[in-house]
Amino acid sequence: MTDQKTNQTHAILACIDGSIYADSVCGHAAWAAQRLGLGVRLLHVQEPHPTKDVPTERSGNLILGQRTKLLERLAQMDEERGKLDLQKGRLILAHAKEELAEAGVEQVETLHRRGSLVETLAELEGATNLILIGKRGEHADFADLHLGSNLERVVRGAHKPIMVCSRAFKPIAQFAVAYDGGASTARAVSEIANNTLFRGLTCHLLHVGDETSTARQMTEQAAATLQAGGIQVQVVIRGGHPDKVIPAYVTEQSIDLLVMGAYGHSRIRTLIIGSTTSAMIRGVRIPLLLFR
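This text gives an overview of the structure that appears in the document. (Residues numbered from 1 in each chain as written. Predicted model: local features only at pLDDT ≥ 70, side-chain atom pairs only at ≥ 80, totals over all residues. Heavy atoms only, no water.)

1. Regarding the pattern of salt bridges
Under the convention used in this document: Salt bridge, as used here: a side-chain nitrogen of Lys or Arg that lies within 4 Å of a carboxyl oxygen of Asp or Glu. Helix numbers and strand numbers start at the N terminus; a helix is a DSSP run of H or I with at least 4 residues, a strand a run of E with at least 2. Partly exposed residues are those whose accessible area sits between 20% and 50% of the maximum for their type, while under 20% is buried and over 50% is exposed, using a 1.4 Å probe and protein chains only.
In the structure shown here, the tally under the stated rule is seven salt bridges. In this structure, Glu 109 and Arg 41 form a salt bridge, with 3.0 Å as the shortest nitrogen-oxygen distance. With Glu 109 in strand E3 (residues 108–114) and Arg 41 in strand E2 (residues 40–46), this pair connects stretches of sequence that are 68 residues apart. Side by side, Glu 109 and Arg 41 carry an identical accessibility label, which is buried. With a closest N to O distance of 2.8 Å, Arg 238 and Glu 252 form a salt bridge.

And the structure:
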């Protein structure tokens, strides 16, 4: 498949599919592209369908000619479905490119790939500043506990910041950083302070926990780093559990974007006690910007 090239060495990578989140991903990509002065790479990955074959327990009931014809028909159906998927992907990319053009983004590259989204992102993220993806995929339902099948694997595997987009795009005026002093949130503070994406926005630096002298000193140091980068900062320390406090604060203050570290605990611990990252993705109605 031929890709339409931009002249950007580093660009914003927007992952789109046929879900209702595609328009939101495009809106957030356009917002980020205009603030950063970068082009956008629109990526649609056509993942393979499960291989179809004759069930083993039934194949003995078919004579050789019947089995051959059935296998040929299944292969033909897979080929036809592949052609339809290809056409659908082209339409999705064309629509997304039109949306970006209408939003004022001139440099757009369309990438139509077959295979695994996670593996494709690993290949492309070296030339990427920011990855955008919808909270749920094309085939996900909208139960609160159901996230896109690729989302957690993408976030865990990526080394670049990932914006998980909400259902609808809204221009971002203020953002909150869920700051715990860990390595990923420290990296987030450092990158925010040196990134034009956040210039002119108001930052709420939120620490959830007891207000001790150590917590106050830690958050004040982070605030100083942000202020040195020209960002207006409001420091907030609140007691309670992050899974409850953060969504409540986001709603109370009408926050437009939540920034936090991604999956700070090991995979085994996450399976046992859950993850604040997953809880925030499920629990808030705004986009999240996640740092590893």
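2. Things to note about the packing of aromatic side chains
Here the distance between the centres and the angle between the planes together describe a pair of aromatic rings. The condition is simple: Here the aromatic set is Phe, Tyr and Trp, taking the six-membered ring for Trp, and pairing holds for ring centres within 6.5 Å; pairs whose planes are under 30 degrees apart are stacked, those over 60 apart are edge-to-face, and all others are tilted.
Tallying each qualifying case throughout the model produces one aromatic pair. Judged by centre distance (4.9 Å) and plane angle (55°), the ring pair of Phe 175 and Phe 198 falls under tilted. Separated by 23 residues along the polypeptide, Phe 175 in strand E6 (residues 174–178) and Phe 198 in the loop between helix H6 (183–193) and strand E7 (202–208) bring together distant segments of the chain. The exposure class assigned to Phe 175 is buried, which follows from its relative accessible area of 0%. Residue Phe 198 is classed as buried on the basis of its relative accessible area, which comes to 1%.

3. Observations concerning the side chain of Ser 116
Definition in use: Two N or O atoms count as a polar contact when they lie within 3.5 Å, although within protein this holds only if one can serve as hydrogen donor and the other as acceptor, and sequence-adjacent residues are included solely when both atoms are side-chain atoms. Contact definition: two residues touch when any of their heavy atoms are within 4.5 Å.
Position of Ser 116 among the secondary structure elements: in the loop between E3 and helix H4 (117–124). Polar contacts involving the side chain of Ser 116 include one to the main-chain amide nitrogen of Val 118, which spans 3.3 Å. Polar side-chain contacts of Ser 116 include one of 3.3 Å to the backbone nitrogen of Glu 119. What Ser 116 contacts, discounting residues up to four positions off in sequence, is Val 45 and Glu 47.

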